[in-house]
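Architecture and fold: a report
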Amino acid sequence: MHELTIAQELLELIARVAREQGAVGVSSATVEIGELATVDPSALEFAFEAIRPGTPAGACRLLMRSVPLVVRCSRCAAEGRASRELLCCPSCGGRPVEPIAGRELRLVAIEIEE
Amino acid sequence: MHEIAVGAGILGQNDAWAQHNREHFRAHGVYVLNLMSAPGAGKTTLLERTVDALASRYRLAVIEGDVQTRIDAERIARHGIQAVQINTGAACHLDARQIHETLPVFDLDALDLLLVENVGNLVCPAEFDLGEHDKVMLLSVAEGDDKPIKYPVMFHAARALLVTKVDLLPYVDFDLGRAERDARALNLELEVFRVSARTGEGLDAWYQWLAARIEGQRTRR
């Protein structure tokens, strides 16, 4: 439900970078969303498309990449992919585990028109 | 047309405001808690009891977050302390900027503890750092013992868990052992309190924990 807030922040960030680069428009934005980030990609895309008109990103395509959840085990120190549902060590099955990747919510790059 | 590498967090603005808040709180030596739960878990009632129990020893204030109405701030203000309401409109969470805009209302030097009651929601508030020292989760026994595994991100982020409304345990199928085991499996350092704001059961342990956290913050001033 907070995807609208995130879309607004994303559009502001894109507009700021585009302004700094002297761009006339932004054709695409690549975003990384971690598996453990509480963000629904389709809701984010819907919100983004709904509010982008009238901004420098008015015709910007949103390219979303999912970042797999990687954890470090507190018991055996193993690192590896873990399922979001179980959140346990892929090696020994222990818990808790500390996520070392998969919480991202980042703008990776934009493609600008000069 | 060419690609510009950005590599910035989308919620970077929120994180910057949160950092700003954190610096304020540190400079004024005020300990700040972010209380989170589903709607109806008993956050406001817990705050009312907590204010009554601690107001003679510590200087407290409350920020209330709700989609709409001033009901909660009015409830807290009746207990004789400053309570400020933030209405989020459509938003399902508080953000750091809203907290920052509220801070001038308070005399932070005259406060030991600022309690922030987030909007009732088990998903969204986890994503928004407010600059608080600790996050505290409430889970009422009426909600069901499966919530820690259904909403792991929230429970992973919390420093303490209050299992609330334990006076209702005879009437609901809530497995305390399961809920606490699942929550601790997500978060080894989680402090768990079993409380009833209605009967007062378990609240003393919660007050003691809170007092220790406040004292810890005071000595760092």
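Attention in this report is confined to the structure presented alongside it. Residue indices begin from 1 for each chain and proceed along its sequence in written order. Following the order in which they are written, the chains are lettered starting with A and the ligands numbered starting with 1. With pLDDT at 70 or above as the cut-off, local features in this predicted model cover only qualifying residues; side-chain atom pairs require 80 or more to be listed or tallied, and sums for whole chains, interfaces and linings still use all residues. Derived side-chain values reflect all non-hydrogen atoms in the structure, with water molecules and hydrogen atoms excluded from consideration.

Residues and elements named next belong to chain A. The strand order across the open sheet built from three strands is β4-β3-β5, with neighbouring strands paired in antiparallel fashion. Two strands in the sheet have a free side with no partner beyond their single neighbour: β4 (79-81) and β5 (97-101). Direction aside, the axes of adjacent strands within the sheet are offset by 35° on average. Paired strands, in this sense, are two strands between which DSSP finds at least two bridges. Strands here are runs of E lasting at least two residues and helices are runs of H or I lasting at least four, both read from the DSSP assignment and numbered beginning at the N terminus. Relative to β4, strand β3 (residues 70-73) runs antiparallel, the two sharing three bridges. Pairing of valine 71 across the sheet is with glycine 80, part of β4. To obtain an axis, a line is fitted to C-alpha atoms, over the contacting stretch when the element is a helix, and the angle between two such axes runs from 0 to 180 degrees between their N-to-C directions.

This part takes up helix α7 (residues 176-186) of chain B. Among the residues of α7 of chain B, Leu176, Ala179, Glu180, Asp182, Ala183, Ala185 and Leu186 of chain B are the ones counted as buried. With a side-chain oxygen lying 3.1 Å from the backbone nitrogen of glycine 177 of chain B, the N-terminal cap of α7 of chain B falls on aspartate 175 of chain B. Under the scheme applied here, a residue whose accessible area is under 20% of the maximum for its type counts as buried, over 50% as exposed, and between as partly exposed, the area being computed with a 1.4 Å probe on protein chains only. We define a polar contact as two N or O atoms separated by no more than 3.5 Å, with the added condition that, inside protein, one atom must be a possible hydrogen donor and the other a possible acceptor, whereas residues neighbouring each other in sequence contribute only through side-chain atom pairs.

Any helix carries an expected span of 1.5 Å times its number of residues minus one. The end-to-end C-alpha distance of helix α2 (residues 43-54) of chain B is 16 Å, a good match for the 16 Å that twelve residues give at a rise of 1.5 Å each. Considered for burial, the residues of α2 of chain B that qualify are Lys43, Thr44, Leu46, Leu47, Glu48, Thr50, Val51 and Leu54 of chain B.

Once that is clear, we can look at the packing of aromatic side chains. Residue and element names in this part refer to chain B. Stacked, tilted and edge-to-face pairs are distinguished by plane angle, under 30 degrees for stacked and over 60 for edge-to-face with tilted covering the rest, among Phe, Tyr and Trp rings (Trp via its six-membered ring) whose centres lie within 6.5 Å. Considering all chains together, one arrives at three aromatic pairs over all chains under this definition. Their ring planes at 70° and their centres at 6.1 Å tell us that phenylalanine 193 and tryptophan 206 sit as a pair that is edge-to-face. Within this pair, whereas phenylalanine 193 is found in strand β8 (residues 191-194), its partner tryptophan 206 is found in helix α8 (residues 203-219), the two being separated by 13 residues in sequence. The same class applies to phenylalanine 193 and to tryptophan 206, which are both buried. Relative to tryptophan 209, the ring of tryptophan 206 lies with its centre 5.8 Å away and its plane at 20°, an arrangement referred to as stacked. Placement of both tryptophan 206 and tryptophan 209 in helix α8 is noted, with a separation of three residues, approximately one turn of the helix. In this pair, the class of tryptophan 206 matches that of tryptophan 209, namely buried. Three or more aromatic residues joined by ring pairs make a cluster, and in this case those are Phe193, Trp206 and Trp209.

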